[in-house]
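Each chain, letter by letter, is given below.
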Amino acid sequence: MDTLVATTSGSIPVTLRKLYFLRFAFAAVWAVLLFTAADTLGPLSVTLLLIYPLFDAAAAIVDARSARANGTTANPLYANIVISSLTVIGLALAATSGIPAVLRVWGAWAVTAGLVQLIAGAIRRKLGGQWAMIASGAISTIAGSSFIAQAGSNDPSLKNLAGYAFLGGVFFLISAFRLNSASRRQA
């Protein structure tokens, strides 16, 4: 049995809590690693850039399986899986053109994934702990626009992506704790 996906009724908060803690830890480690390698598009930074949307797609798969097992809608999660998977391809191609191209692809992903996250959070708001996901989705759309704008600057950098990922991780951490509180109140 998958330890992240429980199949009993009412297990979505448990599954999401575990997934959100994992996403925070991943984002924190990823952000530190990217920040140290963000000055150039070398093997480490490109690998990290590709791993992040891959992890996002994998997390959405786990999330969608849990939602489906509990009879809730997973449509926004399926959209996120497709968007993140296409982003991996886009980033791989963009990495051959330089940091501005990477920022444009990352920015487009942040905008679209942010909108999907906002919708998913709104649909799940009754579970509790989703206000942080809704806020994170809104911030992601704004940050994505700023990455696209930054691509045209004189000195584009990947360092802001590290901050973006870490902040997103913090929102996952907040949601995990809020889900924990909500599940205790329901018990």
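S.K.: Looking at this structure, how should I read the nonpolar core?
M.R.: Proteins that are soluble and globular tend to have nonpolar side chains buried together. Among the nonpolar cores identified, the biggest contains 28 residues, and W30, L49, Y52, V102, W106, L158 and L161 are the most heavily contacted of them. Counting residues per element, the ones that place at least two in this core are α1 (12–37), α2 (43–69), α3 (75–95), α4 (99–123), α5 (131–150) and α6 (159–186). Considering each element in turn, this core owes the most residues, eight residues, to α4. Setting aside residues no more than four positions away along its own chain, L158 makes contact with L34, A38, T40, L41, S45, L49, I99, V102 and L103.

S.K.: Help me understand the confidence of the model for the protein, please; the structure alone is not making it clear to me.
M.R.: Averaged over every residue, the pLDDT of the protein is 86; residues scoring 70 or more account for 87%. The weakest mean pLDDT in the protein belongs to α6 at 81; the strongest belongs to α3 at 94. Of the regions scoring below 50 in pLDDT, residues 1–9 engages in 19 contacts with residues more than four places distant in sequence or in other chains.

S.K.: Can you help me understand the packing of α3 against α4 in this one?
M.R.: When two helices pack together, their arrangement is given by the angle between their axes and by how far apart the axes lie. Between α3 and α4, the least distance of the axes is 9 Å, while the angle of their chain directions is 170 degrees. With respect to their mutual orientation, α3 and α4 come out roughly antiparallel. Residues P76, A79, N80, I83, S84, T87, G90, L91, A94 and A95 of α3 touch α4, and the partners they reach there are A101, V102, V105, W106, W109, T112, A113, V116, I119, A120 and I123. Looking at the contact of α3 with α4 residue by residue, the classes come out as 16 nonpolar, five polar and no charged.

Definitions and cut-offs
- Residues numbered from 1 in each chain as written.
- Predicted model: local features only at pLDDT ≥ 70, side-chain atom pairs only at ≥ 80, totals over all residues.
- Heavy atoms only, no water.
- Core = buried A, V, L, I, M, F, W, Y, C linked by side-chain atoms within 4.5 Å.
- Buried < 20%, exposed > 50% of the residue type's maximum accessible area, 1.4 Å probe, protein only.
- Helix = DSSP H or I, 4+ residues; strand = E, 2+ residues; numbered from the N terminus.
- Contact = heavy atoms within 4.5 Å.
- pLDDT = per-residue confidence, 0-100.
- Axes fitted to C-alpha atoms, helices over the stretch in contact; angles between N-to-C directions.
- Parallel < 35°, antiparallel > 145°, perpendicular 65-115°, else oblique.
- Nonpolar A, V, L, I, M, F, W, Y, C, P; charged D, E, K, R; others polar.

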